[in-house]
Each structure stands twice: as C-alpha cells, then as structure tokens.
Amino acid sequence: MTCLLLDYNEYSRVQIHSDGTCFSFQRGLRDIAELYGSEVSLRGIQEYRKCSGLQSISSLCFKAAKIAAILIDDGIEFDKMHEIEWHRSFAPVVGRILRIERLAEKILDEGRPDGSTWTLDTFTETFTGKLKSYPCLYFTFLYGFNFPFQIADKIVGLKSIAAYRSGLGINTNVTRNEAQEGLAEVLKVGSPVRITDKSFIDYLFVQSLEIALQFNLPVQIHTGFGDKDLDLRLSNPLHLRTLLEDKRFTKCRLVLLHASYPFSKEASYLACVYPQVYLDFGLAIPKLSVHGMISSVKELLELAPIKKVMFSTDGYAFPETFYLGAKRAREVVFSVLRDACIDGDLSIPEAIEAVKDIFSENAKKFYMTNLDFTPLDSKTNVSTNFVKIGCDALQPDVALVRIIWVDTSGQHRCRVVPRKRFHDIVIKNGVGLTVACMALISAVDAPADGTNLGGVGEIRLIPDLSTKCRIPWSKQEEMVLADMHLKPGEAWEYCPREALRRVSKVLKDEFNLVMNAGFENEFYLLKSVSRELKEEFIPFDSTPYCSTSAFDAASPMLHEVVAALQSLNIPVEQVCLAQPCENTKEAVSLHAEAGKGQFEIAFGYTTCTDAADNLVFAREVVRAVARKHGLLATFMPKFALDDIGSGSHVHISLWENGRNVFMASSEHSTHGMSKVGEEFMAGVLEHLPSILAFTAPVPNSYDRIQPNTWSGAYQCWGKENREAPLRTACPPGVPDGVVSNFEIKAFDGCANPHLGLASIIAAGIDGLRRHLTLPEPVDTNPASLDSEPQRLPRSLSESVEALEKDGVFRDLIGEKLLVAIKGVRKAEIAFYSQNKDAYKQLIHRY
C-alpha cells in the first residue's frame with residue numbers, strides 16, 4: 001500500500017516520502033480510506049487490503065470508478081504480475097498497448113535463434129514482424145468477424161518512451177548507418193539490454209510509425225513528467241515538430257500523454273496546429289494538487305479542440321490508482337467546464353457534450369474500436385453519476401450506517417449498524433433479514449398470503465458500496481443502498497435491484513440497447529394541526545401552480561433540499577418556477593405544482609439503475625429535510641381526493657453506443673422516432689395495464705389515474721398530449737418533428753422504482769421482439785372523443801388481473817418475484833376494501 005500512495009505512477013517518477021507532505025499523498029489517503037471505510041491512515045488501509053484480497057479490492061475500485069475499458073501498457077514487468085486476461089472481470093473491454101522500446105529490448109535479449117550477431121536488417125525483420133503479428137490478429141478479429149467478445153491480449157495501440165531515453169527530438173531521417181552504429185552501441189553493453197542510443201531509438205520510432213500507418217494503429221507518446229533519469233527539457237512536446245511536419249506521418253494518430261506537464265500550454269498549441277495530435281491528461285490527475293490539476297486541464301483546453309482531449313487514469317500496479325484517477329478527473333473536469341460556462345466560453349449543452357467527449361467518445365474514436373464500452377456492473381449507458389461520495393473525507397465522527405432497501409410495496413426501509421461493525425463484518429457478509437421483507441404491504445408489517453414468503457428463511461442485505469454516502473442532514477451517519485443475496489455473492493431472485501439489472505442485461509444482450517430514465521417527482525408538504533384533540537395534516541399552503549409566494553414560503557426547506565442533493569452527486573442544474581422542463585438532458589427543475597402545498601422536482605436522464613437509486617435517495621432527502629422544518633412530505637398518489645394527485649412521471653429514451661436511438665435520424669419520420677423507438681414504445685403501450693401493477697401499486701394509485709387530471713387514464717399515446725399516459729416529448733434543441741423520449745405518467749410515489757423500470761423494459765423488449773407498431777396518436781383529450789380509447793385499469797384489481805394474464809413478465813421479471821408481487825397487491829386490495837379510510841395513513845408510509 002505504501003507503494004501506491006508514495007509512488008503509484010508509471011515509472012517511479014517522483015519519490016514522495018511517507019511523512020505525507022505531498023498534497024496528492026494526503027488527498028489519496030483520505031479518498032481511499034473513504035472508499036474502504038477504513039481508518040484514515042496507511043495502517044488502516046493496509047489492514048483492509050490484507051483482509052479483503054486483491055480480487056475483492058480490484059472489483060470494488062473498478063466498480064466505483066465505473067471504468068469501461070482497460071488498455072494496459074505492460075512494458076514494466078513485475079515478479080508477481082497477472083496476465084492481461086485476468087482483468088476481464090473488471091471491464092468489458094481489455095486490450096494491450098505495446099511499448100516499442102521494451103519489445104526491441106526483449107528481442108535483443110533473446111538473441112537470434114542461430115546464435116549469430118544481430119545486424120540492422122535481421123533485427124528490423126524480426127521487430128517489424130513482431131509488430132505486424134499483433135495488430136493483424138486484432139483487426140482480423142474485430143473487423144473481419146466482428147464478434148462481440150473482449151479483446152484481451154490484442155494490440156490496440158503502440159507506445160514510445162523515447163522521452164525517457166533520448167528525448168522527443170526524433171530524427172525521422174535517421175540513416176541506416178546511424179541506426180546500425182546505434183545498434184552496435186546497444187549490443188556492447190550486454191544483457192539485459194537497455195536501449196539509450198538516440199539514433200537507434202529514432203530508427204525504432206520511425207519503423208513503428210510505418211507499422212502504425214499500415215494497420216491504422218494509434219501511437220501514445222510519453223511527454224513531460226518523469227524520473228530523475230529523464231531530462232525534462234527533452235520531454236517538451238515542442239521537440240516533436242520535425243516528426244509532426246514529416247509528410248509521411250501526417251496521418252498517424254498521436255496522443256501526447258500526461259498533459260505534457262509542465263508543458264501543458266505547449267501541448268495545447270500542438271493539438272491546435274497539427275491535426276494528428278491528440279492529448280491525454282492522465283497522471284496530471286491525480287498526481288498534482290487540486291489547483292495544479294485544474295490549472296493543467298485549463299491550459300490543455302486553451303487552444304486544443306475538445307474533440308482531441310481525453311482522459312485515462314494512468315493507473316499502475318494497484319487498483320486504487322484507477323479509482324483515484326477516475327474520481328478526481330470527474331471533479332476536475334466539472335470544475336473546469338463549470339468555469340467555462342460561467343465565463344461564457346461554453347453553453348451548458350456544449351459542456352455536457354464536452355464531458356462525454358473527454359471521458360468516452362474521443363477515446364473510442366481515437367482507438368478505433370466499435371466494441372461495447374459499457375461498464376460491467378451496470379451494463380447500461382455510462383452514468384452521469386460517479387460514486388455517491390460527498391466532498392468531505394471520511395471522518396471518525398461517523399457513528400452509524402443506514403442500510404436501505406425498498407420492498408415490494410415501495411416502502412423505504414433500513415437496518416442501522418455501528419460504523420465499525422459495518423466495515424468489519426457487514427461489507428463482506430451483509431446483515432440478516434427475513435425473507436418476509438418482500439411480502440409486506442403498505443398497511444401492516446406482516447407478510448401477505450400467496451407470496452410464498454413467510455417467517456421461515458433469511459437472506460443477506462449486502463451493501464452496494466458504490467452508493468455509500470454521508471447523510472447530509474445527519475452528519476454522524478452514512479447511508480448505502482443494499483442488494484439482496486441468499487448468501488454473499490449469490491443474488492436472491494426477489495431482489496428488486498437485481499431484477500432491474502436482469503432485464504437491462506437482456507435488452508443489452510439481444511438488442512445492444514440501454515434504457516435511460518429521468519423522474520419527475522411530485523410531493524405534498526403538509527403541516528400538523530390539532531382539531532378536537534386529534535392530530536391532522538393539512539396542506540402547507542393553498543397557492544396555485546408555480547406560485548412565487550408558495551416558493552417563498554418553502555424556500556428555506558427547498559434550498560436545503562437542493563444542497564443535500566448536490567452533496568449526494570445528484571446534479572441540480574436549475575431552480576425554477578416555470579413549466580416543467582420535461583427532462584432536457586441533465587436538468588433538474590423545482591417548482592410549486594397545481595395542488596395545494598404540492599411541489600415537484602424533475603431529475604435529468606441517467607442510466608435506469610442510477611435513476612432508480614437517485615429517486616430513492618431524493619425521497620429520503622425530501623422527507624428528512626421536511627421533518628427538520630416541522631413539515632411532513634408525502635409522495636402518496638392521492639393525498640386529498642378532491643385535489644390533484646402526485647405522480648413520479650418517468651421519461652424514457654434508448655441508447656446505443658452512447659447515442660440516443662429513440663429519436664428518428666431526421667425530422668421526416670412518421671412519428672419523430674426511430675423504428676427501434678417505436679417498437680419499444682409500442683410494447684410498453686400494449687402491456688401498460690400490466691405495468692400498472694408495478695407502477696401504481698396501491699388502491700389509492702387509481703384515485704389519481706382519472707380522466708381530465710393529466711394522469712393518463714386511457715390506453716393511448718399522444719404527441720405532447722398530457723392527457724395521454726404515454727407522451728412523446730420534443731424538448732428544446734431537438735429538431736421539429738423529432739422526439740427525444742417518451743413519458744409514462746402512470747407511475748407514482750408508492751412504486752418501487754427498480755421494479756417499475758424493470759416492468760417497462762420487459763414490455764419494451766417484447767415490443768422489440770415482436771416488431772410491434774404504434775396506433776395513430778391521440779392528439780386531443782381522449783375523454784372528449786366520441787369513441788373513447790380503451791380505459792386503463794380503474795382499480796388495482798384490474799391491473800393485477802391484467803398481469804396474471806400477461807405471460808411476458810413471467811420470463812423476464814422472474815416467476816418467483818412475480819408471485820410475490822401479485823400476492824402483495826392482492827393483500828393491498830383486500831385490506832383497503834375493508835378499511836375505507838385507511839388510505840389516509842399512507843402519508844406516513846410514502
């Protein structure tokens with residue numbers, strides 16, 4: 001562990017001593033301790049690593065970093081070193097960067113098979129032959145057959161460390177005599193060979209560029225930074241000018257590594273002037289101070305086109321280095337682009353596009369691969385979220401950890417353990433929980449009949465550490481979402497988060513699609529009053545939709561809500577009193593809604609798994625902050641039967657390889673959506689009565705889903721029609737006639753968001769499999785038509801009946817989980833039919 005924090009970069013560049021005086025040392029120590037939940041000390045981290053083992057900490061670090069591709073320069077060899085193949089379990093794409101100087105040294109060390117002395121001709125034949133053998137395998141595999149497999153041990157690029165040996169003043173016209181003399185000088189030293197002769201290194205470089213051109217391989221060039229054996233003056237990328245102006249190599253793709261620090265401005269200039277030059281700012285992050293990292297990235301972007309700047313972690317030997325790099329890079333890029341927006345250099349949409357380019361798209365294009373870069377843990381589009389770890393480092397004052405899950409009835413529940421027990425035992429083994437936890441209903445804490453779940457049997461709640469965060473309103477506590485396992489490592493079939501992962505995987509595996517989602521979260525703020533010695537809850541205020549006075553009254557609480565969401569890395573882009581933004585990209589809007597005391601927070605798109613997780617955390621935030629201000633926040637669907645109901649409308653889009661493929665490629669399509677988008681949406685429309693059993697899970701839900709209330713009471717769809725349960729949306733920035741997503745209105749605050757989204761994906765998969773088409777849109781209030789569309793279920797009984805007749809969900813959601821869901825729903829129906837006023841207690845449940 002000491003090696004990681006004192007010297008975790010590529011070639012032992014700068015020795016930092018264990019007194020911890022370096023900024024990156026202190027910061028890295030805190031960051032890793034926070035991830036592991038260990039003491040903020042080298043000893044605490046070492047103990048955690050020793051107990052956990054390499055496989056475990058690697059899995060944790062890569063999952064937390066959400067790394068989609070590992071391209072390994074294996075030019076440094078260790079006594080204990082895993083093969084590239086071993087890394088497959090941590091990322092969907094694993095490839096190899098071949099270091100040309102190391103390859104040449106291996107060839108010379110091995111000697112000629114016949115024992116004769118190397119000549120320049122025999123060496124060149126062997127060297128170029130080796131280079132050709134790797135990329136030939138790779139490109140035949142990738143482009144000839146296009147199998148969707150990982151590419152471990154195949155070459156995806158070349159790399160040179162000439163800056164270390166003789167500098168970057170590459171002589172592209174080195175003569176054969178100079179190269180032969182250089183080879184002779186190298187051989188004089190004996191074995192093991194270390195190539196330092198400039199003429200011979202220049203010759204290797206030129207030969208490698210020719211192979212790179214032949215096979216369309218990119219070339220990484222080490223610049224800046226280095227050990228004491230590197231003459232920093234010679235690693236200035238301006239020395240590459242002769243190479244960059246050589247007409248033979250103008251089509252080579254060259255990437256300057258490490259932000260060329262401290263020559264970041266020079267690198268930016270080169271990327272601006274020379275079309276073949278790209279920039280990578282790995283190592284500058286997280287090696288420098290926060291100010292240094294921000295300054296270096298800003299200097300890179302001074303002149304360089306954003307489309308030519310990318311990030312790699314430059315991780316080395318330890319999994320923690322990958323995590324540290326990814327974590328800090330997101331923070332630094334956010335800071336730089338935020339300032340650019342404030343200064344007027346970029347608009348917010350341009351900044352969002354820049355983030356995608358820097359962290360994903362530029363690298364994919366540069367390394368010329370069409371493989372799936374989706375992180376293994378989610379198999380969904382790369383999330384806008386990072387690990388939900390706040391800005392504060394882990395402090396010893398944290399006493400308790402809440403382990404949160406959402407049950408079948410959509411209720412948030414938690415187990416609380418002391419922090420020490422959490423890190424000593426619970427991280428690995430979880431906490432025990434009765435299987436009946438997934439059979440409870442909204443009215444009573446007792447298992448429902450017909451669920452096959454009762455008092456016998458126990459599962460383990462396993463915390464998902466990528467969601468662990470400090471609780472903003474209770475600084476001495478942390479919270480974390482949990483998965484349900486039969487035993488550690490074996491998922492339980494009834495786990496809602498696992499159900500969403502399962503159907504997401506089917507969508508990805510069969511159609512190469514991922515679903516993104518964004519929720520609009522409506523809620524009522526209630527205050528307690530005493531009437532005839534009884535406590536009652538009434539609306540916080542009685543003002544109309546988007547009322548400024550309502551916002552003024554609730555402003556102290558809402559400001560605290562926004563701050564808490566930001567601390568949880570749930571982005572808040574705007575606070576407004578306008579018509580809902582309908583989820584344009586990343587925005588979150590907050591405004592007073594039409595009901596008395598009703599407000600709405602609308603979250604932007606992210607992967608469906610993160611969207612569901614964010615919704616859980618957001619509801620926790622709203623309820624807790626409201627309590628702090630003496631109010632009760634409720635997400636129940638119909639608080640007052642004579643007022644507007646609350647929903648959790650969800651916006652859905654489909655993505656393939658980082659591109660929204662729900663929308664049509666032009667404005668000339670029939671409905672503004674692609675064929676894939678129409679088939680998916682048609683599946684959702686056909687199965688909507690069954691979906692309601694997931695998304696409208698209590699009888700009170702159907703008091704909300706009524707005609708003329710914008711809740712979508714009929715089985716139809718429309719374009720910008722808020723009376724339709726499915727509505728296609730065309731937000732600002734999308735060409736006229738083209739839609740970016742569709743909204744589902746029949747989703748409310750009693751629904752388990754993971755199960756609700758899983759049901760939507762399952763229905764969409766059926767639409768894709770059967771190539772369903774949409775009927776004509778309804779562009780008026782369906783209740784006003786002479787021939788009304790079919791009514792959606794008027795009650796939970798009707799939606800459960802539809803679900804029982806629908807075979808699609810059985811295979812995709814899972815038979816056992818489906819039995820439990822139907823059992824819980826039937827128990828809800830029975831209870832509330834016998835207790836007519838019991839729905840009023842839902843304000844305390846949701």
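Just so we're clear, the structure is a prediction, and the values are computed from it rather than from any experiment. (Residues numbered from 1 in each chain as written. Predicted model: local features only at pLDDT ≥ 70, side-chain atom pairs only at ≥ 80, totals over all residues. Heavy atoms only, no water.)

### A look at the overall build of the chain
Here is the rule we go by: Only DSSP runs of H or I covering at least 4 residues are called helices, and only runs of E covering at least 2 are called strands; the numbering of each starts at the N terminus. Exposure is judged per residue with a 1.4 Å probe applied to protein chains only, and the accessible area is read against the type maximum: over 50% gives exposed, under 20% gives buried, and values in between give partly exposed. Computed with a 1.4 Å probe, the accessible areas rest on the Shrake-Rupley method; for each residue, only the protein chains presented here act as cover.
The secondary structure content of the chain amounts to 26 helices and 26 strands. Residues counted as buried form 61% of the 846 residues belonging to the chain. Working note: accessible area of the chain is about 33300 Å², and carbon and sulfur atoms make up 52% of it.

### Describing the pattern of salt bridges
Condition: Every case where a carboxyl oxygen of Asp or Glu lies within 4 Å of a side-chain nitrogen of Lys or Arg is listed as a salt bridge.
Scanning all chains against the criterion turns up 48 salt bridges. Two residues, Lys 327 and Glu 331, come together in a salt bridge whose shortest N-O distance is 2.7 Å. One end of the pair is Lys 327 and the other is Glu 331, both in helix H14 (residues 319–343) and 4 residues apart, which spans about a single turn. On the basis of relative accessible area, Lys 327 is assigned to the buried category, the value being 4%. Exposure remark for Glu 331: the relative accessible area of 33% places this residue in the partly exposed category. In this structure, the salt-bridge partner of Arg 770 is Glu 686, at a minimum N-O distance of 2.8 Å. Linking Arg 770 in helix H23 (residues 753–770) with Glu 686 in helix H20 (residues 675–686), this pair joins segments that are 84 residues apart in sequence. For Arg 770, a relative accessible area of 42% puts it in the partly exposed group. Each of the salt bridges in this network shares a partner with another, and the network as a whole consists of Lys 63, Asp 464, Asp 483, Arg 497, Glu 498, Arg 501 and Asp 613.

### Let's talk about helix H3 (residues 42–52)
Applied cut-off: Note that the arc is defined by the directions from the helix axis to the C-beta atoms.
Buried within H3 are the following residues: Leu 42, Gly 44, Ile 45, Tyr 48, Arg 49 and Ser 52. Across the axial projection of H3, the buried residues extend over an arc of 165 degrees, all falling on one side. Exposed residues on H3 whose side chains face more than 90 degrees from its buried face are Arg 43, Lys 50 and Cys 51. Directly beyond the C-terminal end of H3, a positive phi value near 90 degrees is found at Gly 53.

### Quick notes on a nonpolar patch on the surface
The following threshold applies: Candidate patch residues must exceed 30% relative accessible area and have no salt bridge, after which like charges are joined if within 9 Å and Val, Leu, Ile, Met, Phe, Trp or Tyr side chains if within 5 Å.
On the surface, Leu 238, Tyr 269, Val 273 and Leu 303 cluster together to form a nonpolar patch covering roughly 350 Å² of accessible area. A relative accessible area of 48% places Leu 303 in the partly exposed class.

### Quick notes on the pairing of strand E10 (residues 412–418)
Test applied: Only strands joined by at least two bridges in the DSSP assignment are considered to pair.
Across 7 bridges, the pairing between strand E9 (residues 400–406) and E10 is antiparallel. Note on E10: the bridge partner recorded for Trp 405 is Arg 413. Between E9 and E10, which pair antiparallel one after the other, the connecting turn spans 5 residues, and Gly 410 there sits at a positive phi close to 85 degrees.

### A word on unusual backbone geometry
The linkage connecting Tyr 261 with the following residue, Pro 262, adopts the cis geometry, with an omega of 10 degrees. Within the secondary structure layout, Pro 262 lies in the loop between strand E5 (254–256) and helix H11 (264–273). Pro 286 follows Ile 285 through a cis peptide bond whose omega is 5 degrees. The topology assignment puts Pro 286 in helix H12 (residues 284–287). Positive phi is not limited to glycine here, since Asn 452 has a value of about 65 degrees. The topology assignment puts Asn 452 in the loop between strand E11 (431–434) and strand E12 (458–463). We note that Glu 720 has phi near 50 degrees; this positive angle belongs to a residue other than glycine. On the secondary structure map, Glu 720 appears in the loop between strand E24 (717–719) and strand E25 (726–729).

### Let's talk about the environment of Val 622
Take Val 622: it is sitting in helix H19 (residues 608–628). Distance in space between the C-alpha atoms of Val 622 and Ile 601 is 9.8 Å, their sequence separation being 21 residues.

### What to know about the packing of helix H2 (residues 23–36) against H14
Axes are the key here: two packed helices are described by the angle between their axes and the distance separating the axes. What counts, and what does not: Only the contacting stretch of a helix is used when fitting its axis, a line to C-alpha atoms as for every element, and angles between N-to-C directions run 0 to 180 degrees. The scheme is simple: roughly parallel for angles under 35 degrees, roughly antiparallel for over 145, roughly perpendicular for 65 to 115, oblique for anything else. It only takes one pair of heavy atoms within 4.5 Å for two residues to be counted as in contact. All residues other than Ala, Val, Leu, Ile, Met, Phe, Trp, Tyr, Cys, Pro, Asp, Glu, Lys and Arg, Gly among them, are scored as polar; the first ten of these are nonpolar and the last four charged.
Between H2 and H14, whose axes approach to 11 Å, the crossing angle comes to 105 degrees. Between H2 and H14, the angle is such that the two are roughly perpendicular. Packed against H2, whose contacting residues are Arg 27, Gly 28, Asp 31, Ile 32, Leu 35 and Tyr 36, the element H14 presents Glu 320, Tyr 323, Leu 324, Lys 327 and Arg 328 at the interface. When the residues that make up the contact of H2 with H14 are grouped by side-chain class, the tally is 5 nonpolar, 1 polar and 5 charged.

### So, the environment of Ile 404
Mapped onto the elements of the fold, Ile 404 is located in strand E9. Taking the C-alpha atoms as reference points, Ile 404 and Leu 481, 77 residues apart in sequence, are found 4.8 Å from one another. What Ile 404 contacts, discounting residues up to four positions off in sequence, is Arg 413, Cys 414, Met 479, Val 480, Leu 481, Ala 482, Val 616 and Glu 620.

### Some remarks on H11
Those residues of H11 not exposed but buried are Ser 264, Ala 267, Ser 268, Leu 270 and Ala 271. In a view along the axis of H11, the buried residues occupy a sector of 160 degrees, so they form one face of it. Buried-residue contacts for H11 involve helix H10 (241–244), E5, strand E6 (277–280) and helix H13 (290–300).

### Some remarks on the packing of aromatic side chains
Our working definition: Side-chain rings of Phe, Tyr and Trp, where Trp is taken by its six-membered ring, are said to pair if the distance between their centres is within 6.5 Å; with planes under 30 degrees apart they count as stacked, over 60 as edge-to-face, and otherwise as tilted.
The full count for this structure, using the stated rule, is 19 aromatic pairs. Ring centres 5.5 Å apart and planes at 15 degrees place the aromatic pair Phe 123 and Phe 127 in the stacked group. Here Phe 123 pairs with Phe 127, and both are found in helix H6 (residues 120–145), just 4 residues apart, close to one helical turn. Take Phe 123 and Phe 127: they sit in the same class, and that class is buried. A centroid spacing of 5.2 Å and a plane angle of 40 degrees characterise the contact between Phe 281 and Phe 311, whose relative ring orientation is tilted.

### Here we look at the sheet that holds strand E2 (residues 93–99)
In space, the 7 strands of this open sheet follow the order E1-E2-E3-E4-E5-E6-E8, with parallel pairing throughout. Two strands in the sheet have a free side with no partner beyond their single neighbour: strand E1 (69–73) and strand E8 (309–310). Across the sheet, H11 is in contact with E5 and E6; its angle to E6 comes to roughly 145 degrees.

### Quick look at the side chain of Asp 483
For clarity, the cut-off: Any pair of N or O atoms that falls within 3.5 Å is considered a polar contact. Within protein, one atom must be able to donate a hydrogen and the other to accept it, and sequence-neighbouring residues count only if both atoms are side-chain atoms.
Here Asp 483 is to be found in strand E14 (residues 477–487). With relative accessibility at 8%, the residue Asp 483 sits in the buried group. Here the side chain of Asp 483 touches Arg 497 through a polar contact of 2.8 Å, side chain to side chain.

### Notes on the nonpolar core
This is how the line gets drawn: Note on terminology: a nonpolar core comprises buried Ala, Val, Leu, Ile, Met, Phe, Trp, Tyr and Cys residues joined through side-chain atoms within 4.5 Å.
Counting residues in hydrophobic clusters, the biggest one holds 105 residues, and the most contacted among them are Met 515, Phe 680, Leu 757, Ile 760 and Phe 809. Per-element tally for this core: the top contributor is H23, with 9 residues. In this structure Met 515 touches Leu 507, Thr 607, Cys 608, Ile 652, Ser 653, Leu 654, Phe 680, Leu 757, Ile 760 and Ile 761, once residues within four positions along its chain are discounted. Leu 204, Phe 215, Leu 243 and Tyr 274 belong to the second-largest nonpolar core, a separate cluster that totals 73 residues.

### Some words on the confidence of the model for the chain
Here is the rule we go by: A residue's pLDDT is simply how confident the predictor is in it, with values from 0 to 100.
Residues of the chain with pLDDT of at least 70 account for 86%, and the chain-wide mean is 82. Taking the mean pLDDT of every element in the chain, the minimum, 23, falls on helix H1 (residues 2–7) and the maximum, 96, on H23. Long-range and interchain partners of residues 1–20, a stretch whose pLDDT sits below 50, account for 73 contacts in this model, where long-range means more than four residues apart. Ignoring residues within four places in sequence, the model shows residues 573–594, a span with pLDDT below 50, making 95 contacts including any to other chains.

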